[in-house]
Amino acid sequence: MRKLKTLQANLMILFAFLLFPFSVQGAGDLTTQQPVELRVELGNKEDALRFFPDIIQLETGKLYRLILLNPSKQKHYFSSEGMSQAVFTRKVQINGKDGKPIAEVKGQIREIEVYPEGFAEWWFVPVKTGVFNDLKCTIPGHADEGMLGKIVIK
Ligand SMILES: [Cu+2]
């Protein structure tokens, strides 16, 4: 009789796991979700030394496709040590003149240089929250002229 009760209890526990399998699973692969698209311009046609926009708001757990465009006549960098430590990079995609991808770079990324009239895509998932005031263009003189920005991850 006692053994039967123990068996019943064990069966109940087994059924509980069978009925609620999602309670023991994770969120799945976060890098394959639909990306949130963001565009940041590095400078502009008038050669202003600014990021447009210069405040970038992100949320942890979402996949972002950050399109970095350089509409100016000189090269610029998008560089943030803080952001690079707070995101998981799925890839950086480099596109040809026709807009078709020609290369993908994988691994941890710290800064991306974009050539005049070029663009690159940084696909990443923020994994840590923080306010990073270290977005800058690392070309000498550009940060001093105001090519700075802020990244907020909530
Ligand atoms: Cu610059």
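Below you will find a few notes about this structure. Think of each chain on its own: its residues are numbered from 1, step by step along the sequence as written. Residue-level local features of this predicted model are given only where pLDDT is at least 70; pairs of side-chain atoms are given and counted only at 80 or more, and the full residue set underlies all totals for whole chains, interfaces and linings. Side-chain measures here rest on the full set of heavy atoms in the structure, leaving out hydrogens and waters.

Here a strand is any run of E in DSSP of at least two residues, a helix any run of H or I of at least four, and the numbering for each starts at the N terminus. Each helix and strand in the protein chain was counted, giving two helices and eleven strands. The secondary structure elements of the protein chain, listed N-terminal to C-terminal, are α-β-β-β-β-β-α-β-β-β-β-β-β. Remark: exposure states derive from per-residue accessible area (1.4 Å probe, protein chains only) relative to the maximum for the residue type, with buried under 20%, exposed over 50%, and partly exposed in between. Counting only residues that meet the buried cut, the protein chain has 36% of its 154 residues in that class. The contact definition used throughout considers only heavy atoms, calling two residues in contact when any of these lie within 4.5 Å. The contacts in the protein chain between residues at least 6 apart in sequence include a share of 75% that link residues at least 24 apart. Accessible surface, the protein chain: about 9,800 Å² in total, of which carbon and sulfur atoms supply 58%. All accessible areas in this document rest on Shrake-Rupley with a 1.4 Å probe, and a residue is counted as covered only by the protein chains that are shown.

The copper ion binds to the protein through His 76 (ND1), Cys 137 (SG) and His 142 (ND1); the donor distances cover 2.0 to 2.2 Å. A donor here means an N, O or S atom no more than 2.8 Å from the metal, or no more than 3.2 Å when the metal is Na, K or Ca. Since water is not included, a site may seem to lack partners. In the primary structure, the donors to the copper ion are separated according to the pattern H-x60-C-x4-H.

As a further point, take the sheet that holds strand E4 (residues 64-69). By definition, two strands form a pair when at least two bridges between them are found by DSSP. Read from one edge to the other, the open sheet built from six strands follows the order E2-E1-E4-E9-E6-E7, with strand pairing classed as mixed. Both outer strands of the open sheet, strand E2 (51-52) and strand E7 (101-105), are each paired with one neighbouring strand and no more. Inspection of the sheet shows strand E6 (residues 87-95) paired to strand E9 (residues 119-126) by seven bridges, in the antiparallel sense. The residue of E9 that forms the bridge with Gln 93 is Glu 121.

By salt bridge we mean one thing: a side-chain nitrogen of Lys or Arg within 4 Å of a carboxyl oxygen of Asp or Glu. According to the stated counting rule, one finds eight salt bridges in the structure shown. Note that Glu 81 and Arg 110 form a salt bridge whose closest N and O atoms lie 3.8 Å from each other. Taken as a pair, Glu 81 in helix H2 (residues 81-86) and Arg 110 in the loop between E7 and strand E8 (111-114) lie far apart in primary sequence, 29 residues in all. Here Glu 104 makes a salt bridge to Lys 91, at a shortest N to O gap of 3.3 Å. You can see Glu 104 sitting in strand E7 and its partner Lys 91 sitting in strand E6, a full 13 residues away along the chain. When salt bridges that share partners are traced, they join Glu 37, Arg 65 and Glu 121 into one network.

For the rest of this paragraph, the subject is the environment of Ser 79. Here Ser 79 lies in strand E5 (residues 76-79). Since its relative accessible area comes to 4%, Ser 79 is described here as buried. C-alpha separation for the pair Ser 79 and Lys 136, spaced 57 residues apart in sequence, amounts to 5.4 Å. Each polar contact in these results corresponds to two N or O atoms within 3.5 Å; when the atoms are within protein, one needs to be able to donate a hydrogen and the other to accept it, and residues that are neighboring in sequence are counted only if both atoms are side-chain atoms. A polar contact is formed between the side chain of Ser 79 and the side chain of Glu 111, at a distance of 2.9 Å.

With that out of the way, let us pick up the pairing of strand E11 (residues 148-153). Judged from the four bridges that link them, strand E3 (residues 55-58) and E11 form a sheet pairing that is parallel. If you follow Ile 55 over to E11, its bridge partner there is Lys 150. Looking at chain direction, strand E10 (residues 130-136) and E11 are connected through five bridges and run antiparallel. Its bridge partner lying in E11, Val 131 is registered against Val 152.

What follows deals with the environment of Pro 35. Mapped onto the fold, Pro 35 is located in the loop between helix H1 (2-19) and strand E1 (36-42). A relative accessible area of 26% means that Pro 35 is categorised as partly exposed. Along the primary structure Pro 35 and Trp 123 are separated by 88 residues, whereas in three dimensions their C-alpha atoms are 8.1 Å apart.

Looking now at the side chain of Thr 31. By the element assignment, Thr 31 lies in the loop between H1 and E1. Judged by its relative accessible area of 17%, Thr 31 falls in the buried class. Within polar-contact distance, the side chain of Thr 31 engages the side chain of Asp 29 at 2.6 Å. In this structure Thr 31 touches Leu 63, Phe 88, Arg 90 and Val 125, once residues within four positions along its chain are discounted.

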